[in-house]
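Descriptive analysis of the structure
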Amino acid sequence: MLGNSAAARGVRYEREHMCNAPANSSIGWRDPGWIFHSVMKNLNGGVRYYYQVGSDSKGWSEIHSFIARDVYAEETIAFMFGDMGCATPYTTFIRTQDESISTVKWILRDIEALGDKPALVSHIGDISYARGYSWVWDEFFAQIEPIASRVPYHVCIGNHEYDFPTQPWKPDWGTYGNDGGGECGVPYSLKFNMPGNSSEPTGTKAPPTRNLYYSYDMGSVHFLYISTETNFLKGGSQYEFIKRDLESVNREKTPFIVVQGHRPMYTTSNEVRDAMIRQKMVEHLEPLFVENNVTLALWGHVHRYERFCPISNNTCGKQWRGSPVHLVIGMGGQDWQPIWQPRPNHPGLPIFPQPEQSMYRRGEFGYTRLVANKEKLTVSFVGNHDGEVHDTVEMLASGEVISGSREDTVKTVPASAAAALVGKSESNVLWYVKGAGLMVIGVLLGFVMGFFTRGKKGSSSDNRWIPVKNEET
Ligand SMILES: [Fe+2]
């Protein structure tokens, strides 16, 4: 059955290529051995291929299979998230991400349910969280093998793969520190083999950084991956690539463009450290997204799920043409994260008010699922706690954005859009009308009762915030 073979190219890196501790220290370093890359060519799109890896002298792996990428597929399916990390089957002294077990489990469930349909995975930075502890990469690849052996596993570079004190592009306004644990992008560049030939020198003994920016088509979607850790400013080679790439998309063939990168252009989390990076992204990259009608921009780094309105210059637009929909999808598994932005001092507001640009946000682990055909691109947020969809946004080829899950829709979406979402079924629409009627009566009753109750309480509380009492106070 396994009639053909493709030669593999072996690469490796050395301890002296690491840029800092712990990656180059005795505790962090473990020889990575050889990393083998092999490319199978002339595959027929949409066909299942069986394969195994190894050699006669060293032995062979078990047989795996995958569906070859179909550029002309009717339907495009992707599973996307950032900041996942991995779990170790033993206790270790570094922080690991147990929640990643659920993320992999649910995605595997979805892939198995697809049968013979092709799909892809996007992990948009902060990948293994090895941060210089070499063995963590091995645990990570073992953990993702059930999915990565079946579907393409695409990646973006994140701060935890790359950032190091002497990195060549380090503008004053940046907050690029030492988050890579001294790996300076080397394991990332050698262990993955993404399309394209983007490359930046590291400025050290380490080999150049690869897999920075690239793109490809799948079905009705043009996917573009970018690096927020290396120069993205106007005039740089990445900027030129992005510009050329976006301008050359054939919208007849791929009506939708999805851009993915690690650090967000928009977030309502209290991530103040990166405010200048966001500002520079808005200044330099957003105009390219807006002018070229990018449909959707996906970011990680903030370990939460957040969906924005179609947005440009921090202002909500009416449709994705000219105002791409932005999603933060850094909820793959890493747990620590900033709180939402607290309110400015307006006691009448919630402590962490949700700005109007933020349509839905949640502190919950999970991943997003993208399904697209020529007419419509749908993204859903699946929560790890139950494996169910908790938020959905639909982007039509016409430019229309239909926001939110059903319960969300009733609250936030104009009536016309809500009617479109519930579809052609008249009984559904009627059900909504009845429901809305009941809700109005409920609100009125609540208001009247609230009025009397408030009257009874009088002004003793006087709208002041009462501190929460605890043992200390
Ligand atoms: Fe990050």
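What counts, and where the lines are drawn
Residues numbered from 1 in each chain as written. Predicted model: local features only at pLDDT ≥ 70, side-chain atom pairs only at ≥ 80, totals over all residues. UniProt positions renumbered as here; feature names shortened; annotations may be inferred. Pairing = 2+ DSSP bridges. Helix = DSSP H or I, 4+ residues; strand = E, 2+ residues; numbered from the N terminus. Axes fitted to C-alpha atoms, helices over the stretch in contact; angles between N-to-C directions. Parallel < 35°, antiparallel > 145°, perpendicular 65-115°, else oblique. Left-handed = near helix turned anticlockwise from the far one by under 90°. Contact = placed C-beta atoms within 7 Å. Nonpolar A, V, L, I, M, F, W, Y, C, P; charged D, E, K, R; others polar. Right-handed = clockwise from strand over helix to strand, strands pointing away. Core = buried A, V, L, I, M, F, W, Y, C linked by C-beta atoms within 7 Å. Buried ≥ 20, exposed ≤ 12 C-beta atoms within 10 Å, placed from the backbone. pLDDT = per-residue confidence, 0-100. Arc of directions from axis to C-beta.

- An unreviewed UniProt entry annotates the protein chain as Purple acid phosphatase of Eruca vesicaria subsp. sativa.
- Quoted verbatim from the Subunit (unreviewed entry) field of the UniProt record, the comment on the protein chain reads "Homodimer."
- UniProt, in its Sequence similarities (unreviewed entry) section for the protein chain, records the words "Belongs to the metallophosphoesterase superfamily. Purple acid phosphatase family."

**With respect to the pairing of strand 12 (residues 214–218)**
- In the sheet, strand 12 pairs with strand 13 (residues 221–225) via 5 bridges, with the strands oriented antiparallel. Looking at strand 13, one finds that Y214 is bridged to Y225.
- In sequence, strand 12 turns back onto strand 13 through a hairpin of 2 residues, with G219 there showing a positive phi of about 55°.

**Structural notes on the packing of helix 1 (residues 100–114) against helix 2 (residues 135–148)**
- Interhelical geometry of helix 1 versus helix 2 gives an angle of 15° and a closest axis separation of 9 Å. Our classification of the angle between helix 1 and helix 2 gives roughly parallel. Helix 1 and helix 2 meet at a crossing whose hand is left-handed. Where helix 1 abuts helix 2, its residues S100, V104, I107, L108 and I111 lie against Q143, I144, P146 and I147.
- Looking at the contact of helix 1 with helix 2 residue by residue, the classes come out as 7 nonpolar, 2 polar and no charged.

**Some thoughts on the pairing of strand 9 (residues 153–156)**
- Summarising the sheet, strand 8 (residues 120–124) and strand 9 pair through 4 bridges and their orientation is parallel. Following the sheet pairing, H123 is matched in strand 9 by V155.
- Handedness of the strand 8-helix 2-strand 9 crossover: right-handed.

**Points about the sheet that holds strand 9**
- Overall, mixed pairing links the 7 strands, which are arranged 9-8-7-20-21-22-23 in an open sheet. Two strands close off the open sheet at either side, each with one partner strand: strand 9 and strand 23 (401–403). Averaged over all pairs of adjacent strands, the angle between their axes in this sheet comes to 20°, without regard to strand direction.
- Running at roughly 25° to strand 20 (residues 366–372), helix 1 makes contact with strand 7 (76–81), strand 8, strand 20 and strand 21 (376–383) of the sheet.

**A closer look at the nonpolar core**
- If you look at the biggest cluster of nonpolar residues, it comprises 87 residues, and the most contacted ones within it are M80, L296 and L298.
- In contact with M80, other than residues within four places in its own chain, are S122, I124, L298, I329, Y367, T368 and L370.

**Focus on the environment of F365**
- Along the chain, the position of F365 falls in the loop between strand 19 (358–362) and strand 20.
- Judged by local crowding, F365 falls into the buried class, with 27 C-beta atoms found within 10 Å.
- The spacing of F365 and E99 is 266 residues in sequence and 7.3 Å in space, taken between C-alpha atoms.
- The residues touching F365, leaving out its near neighbours within four places in the chain, are E99, S102, T103, M331, G333 and N384.

**Considering the confidence of the model for the protein chain**
- Averaged over every residue, the pLDDT of the protein chain is 88; residues scoring 70 or more account for 85%.
- This stretch, residues 406–435, has a pLDDT under 50; its non-local contacts, to residues over four places away or in other chains, come to 22 contacts.
- The low-confidence segment residues 450–473, where pLDDT is below 50, has 3 contacts with residues more than four positions distant or belonging to other chains.

**Let's talk about the environment of G261**
- Positionally, G261 belongs in strand 14 (residues 256–261).
- Judged by local crowding, G261 falls into the buried class, with 28 C-beta atoms found within 10 Å.
- Taking C-alpha positions, G261 is 9.2 Å from V155, a pair spaced 106 residues apart along the chain.
- The contact partners of G261, leaving out residues within four places of it in the chain, are I124, C156, I226, S227, T228 and W299.

**As for unusual backbone geometry**
- In the segment running from A21 into P22, the intervening peptide bond is cis, with an omega of 0°.
- For D83, which is not a glycine, the phi torsion comes out positive at approximately 60°.
- Phi at N211 is positive, roughly 60°, even though this residue is not glycine.
- Considering the arrangement of structural elements, one finds N211 in the loop between strand 11 (209–210) and strand 12.

**Examining the environment of Y72**
- Inspection of the secondary structure assignment puts Y72 in the loop between strand 6 (64–67) and strand 7.
- Counting along the chain gives 27 residues from Y72 to G45, while the straight-line C-alpha distance between them is 7.9 Å.

**Looking at helix 5 (residues 237–247)**
- Taken as a whole, helix 5 has its buried residues at Q238, I242 and D245. Angular distribution of buried residues about the axis of helix 5 spans 70°; they occupy a single face of the element. Helix 5 presents E240, R244 and E247 as exposed residues on the side facing more than 90 degrees away from its buried surface.
- Where helix 5 is buried, its residues touch strand 12, strand 13 and helix 7 (286–291).

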